Amino acid sequence: MTARDGFAERADDFAWCEEVIRRNSHSFYRAFSLLPAHKRAGVYALYAFCRSADDCVDRDASEAGLAALQGALDRFLAGSVPDEPLWRALAVVFENFDMDAQPFYDLLEGQRRDLRFRQPSTLDDLEEYAYYVAGSVGLMLLPLLHVHAPLPQRLREDAVALGVAMQLTNILRDVGEDWCCRRVYLPAGVLEEAGYSLRELAEHRVNAPFRAAWEALARRSEELYLPMQRDVCLLDEDSRLPTLSSLYLYRGILDEVRAAGYCCFEHRASVPKERAVRLVAQARKQLQNSGRDAAPVRACAMQGR
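Every value quoted in this text rests on a predicted model; they were computed, and no experiment measured them.

1. Digging into the overall build of the chain
Right, on to step 1. The number of helices and strands found in the chain is 16 helices and zero strands.
Right, on to step 2. Each principal axis of the C-alpha atoms in the chain carries an extent, and together these give about 60 × 55 × 35 Å.
Right, on to step 3. Counting across all 305 residues of the chain, residues that qualify as buried make up 52%.
Right, on to step 4. Counting only contacts in the chain whose residues sit at least 6 apart along the sequence, the fraction spanning at least 24 positions is 73%.
Right, on to step 5. Split by element, the accessible area of the chain, about 14400 Å² in all, is 49% carbon and sulfur.

Set out below in structure tokens:
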């Protein structure tokens, strides 16, 4: 089965996956819709797998559900494809891209950690958790964004950093929502250093200590966006704009929270459509500027060898 035949044959399954991402992640959907058809469909299928894992925790709080999903993954990787849209679509992705199974298992481990949730003590603890639930997703996506061997090690590191950065951004956006679910992802040490208490968090106080704690995580998130922004030219040419756009759009959420006065208890910040268009244009301009200056592109490629 050729790549074209496989994706065409399973068009309905990929449409099902597309609806999952369209409903649940506007930023991801906006950015990765810019990919060519087969890569775009592959991203939709990977997102649908991640969403299934998330739902086991966030919607169902079910360890049995996670175990069932892992069992289906085990059977899938052994060659027995479950007769469901997600798995039929993933089978095409695995046939046509050099996928690595380990990030899928790492993601499930991250979801198990959420079921046994404990507030992280340090920023390092939070970043370890963020690898499992989001850095792993960066590694899942990488074979679609860089299809030609060899894959530079620094690009793997960048993909993990980007996933962790996005997860920290999600945490900073969803402080109130997570509190309602009895989860505090802001590390205890960061809150203590800022002089902000869990009692104040329960009262939804947005004061100077809260802003200090929030900004400490935001600065780290912004640092972790930089490696992929720097190395995006190591990706396939057709994958650079979608990846850089996703980076700009997610990082833009931080500025939306700031613009709203850090009101992330009752309000879930998102990037308005008009600003999203501008951010994608900025990503396009960065790539155009890189293209006009051949030396940095050659240097970037040499460094990635």
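That covers the picture; the talk isn't over yet.
2. A closer look at the confidence of the model for the chain
Right, on to step 1. With 94% of its residues at a pLDDT of 70 or more, the chain shows a mean pLDDT of 93.
Right, on to step 2. Of the regions scoring below 50 in pLDDT, residues 294–305 engages in eleven contacts with residues more than four places distant in sequence or in other chains.

3. A short note on the nonpolar core
Right, on to step 1. F49, W87, L186, F210 and W214 are the most contacted members of the largest nonpolar core, which totals 98 residues.
Right, on to step 2. In terms of residues, this core owes the most to one element, helix α4 (residues 37–58), which gives twelve residues.
Right, on to step 3. The contact partners of F210, leaving out residues within four places of it in the chain, are V175, L186, Y196, R205, Y262, C264 and F265.

4. A few points about the packing of aromatic side chains
The relative placement of two aromatic rings is captured by the distance of their centres and the angle of their planes.
Right, on to step 1. In the structure shown here, the tally under the stated rule is 16 aromatic pairs.
Right, on to step 2. Across the ring face of Y248, the terminal group of R251 is positioned such that the distance to the ring centre comes to 5.1 Å.

5. As for the layout of surface pockets
Where empty space is left in the structure can be found by rolling a water-sized probe over the atoms.
Right, on to step 1. What the largest pocket holds in volume is close to 1200 Å³.
Right, on to step 2. Those elements that place two or more of their residues in the lining of the largest pocket are α3 (26–32), α4, α7 (102–115), α8 (123–145), α9 (153–173), α10 (175–180) and α14 (237–259).
Right, on to step 3. Classifying every residue of the lining of the largest pocket gives 25 nonpolar, twelve polar and eleven charged.
Right, on to step 4. Taken as a whole, the second largest pocket encloses approximately 380 Å³ of empty space.
Right, on to step 5. For the lining of the second largest pocket, the secondary-structure elements that each account for two or more residues are α2 (11–24), α4, α5 (63–77) and α6 (85–96).
Right, on to step 6. Counted by class, the lining of the second largest pocket contains eleven nonpolar, three polar and seven charged residues.

6. What to know about unusual backbone geometry
Right, on to step 1. Cis geometry marks the peptide bond from A149 to P150, where omega comes out at -5°.
Right, on to step 2. Despite not being glycine, A61 shows a phi value in the positive range, around 45°.
Right, on to step 3. Checked against the element boundaries, A61 lands in the loop between α4 and α5.
Right, on to step 4. One non-glycine residue, R182, lies in the positive phi region at around 60°.

7. Overview of the pattern of salt bridges
If charged atoms from side chains of opposite charge come close, those side chains can pair.
Right, on to step 1. One pass over the full model with this rule turns up 30 salt bridges.
Right, on to step 2. Here D231 and R230 are joined by a salt bridge, their closest N and O atoms 2.7 Å apart.
Right, on to step 3. One connected set of salt bridges, linked through shared partners, spans E215, E222, D255, E256, R258 and R275.

8. Here we look at the packing of α2 against α4
Right, on to step 1. Following both chains from N to C, one finds α2 and α4 inclined at 65°, their axes separated by 8 Å at the closest point. Note that α2 runs across α4; the crossing there is left-handed. On the side of α2, the interface is formed by F14, W16, C17, E18, V20, I21 and N24, while α4 contributes A41, G42, Y44, A45, Y47, A48 and R51.
Right, on to step 2. Residues belonging to the contact of α2 with α4 are distributed by class as follows: ten nonpolar, two polar and two charged.

9. With respect to empty space enclosed by the protein
Right, on to step 1. Considering all chains together, one arrives at two cavities of 30 Å³ or more under this definition.
Right, on to step 2. If you trace the largest cavity, you find it lined by I171, V175, D178, W179, R183, V184, Y185, L186 and L201.
Right, on to step 3. Among the elements that make up the lining of the largest cavity, the one with the highest residue count is α10 (three residues).
Right, on to step 4. A class-by-class count of the residues in the lining of the largest cavity yields seven nonpolar, no polar and two charged.

10. Concerning the packing of α9 against helix α13 (residues 208–231)
Right, on to step 1. Between α9 and α13, the shortest axis-to-axis distance is 8 Å and the interhelical angle comes to 150°. Compared by their axis directions, α9 and α13 come out roughly antiparallel. Crossing angle aside, the handedness with which α9 passes α13 is left-handed. Within the contact between the two elements, α9 uses R154, L155, D158, A159, A161, L162, V164, A165, M166, L168, T169 and L172 and α13 uses W214, L217, A218, R220, S221, L224, Y225, P227, M228, R230 and D231.
Right, on to step 2. Partitioned by chemical class, the residues of the contact of α9 with α13 number 16 nonpolar, two polar and five charged.

Quick notes on the rules
- Residues numbered from 1 in each chain as written.
- Predicted model: local features only at pLDDT ≥ 70, side-chain atom pairs only at ≥ 80, totals over all residues.
- Heavy atoms only, no water.
- Helix = DSSP H or I, 4+ residues; strand = E, 2+ residues; numbered from the N terminus.
- Buried < 20%, exposed > 50% of the residue type's maximum accessible area, 1.4 Å probe, protein only.
- Contact = heavy atoms within 4.5 Å.
- Areas by Shrake-Rupley, 256 points an atom, 1.4 Å probe, with all protein chains shown as cover.
- pLDDT = per-residue confidence, 0-100.
- Core = buried A, V, L, I, M, F, W, Y, C linked by side-chain atoms within 4.5 Å.
- Phe/Tyr/Trp six-rings, centres within 6.5 Å; stacked < 30°, edge-to-face > 60°.
- Lys NZ or Arg CZ within 6 Å of the ring centre and 35° of its normal.
- 1 Å grid on protein atoms, 1.4 Å probe; cavity = no way out; pocket = protein on both sides within 12 Å on 5 of 7 lines; lining within 4 Å.
- Points joined across faces, edges and corners; volume = space filled by probe spheres on them.
- Nonpolar A, V, L, I, M, F, W, Y, C, P; charged D, E, K, R; others polar.
- Salt bridge = Lys/Arg side-chain N within 4 Å of Asp/Glu carboxyl O.
- Axes fitted to C-alpha atoms, helices over the stretch in contact; angles between N-to-C directions.
- Left-handed = near helix turned anticlockwise from the far one by under 90°.
- Parallel < 35°, antiparallel > 145°, perpendicular 65-115°, else oblique.

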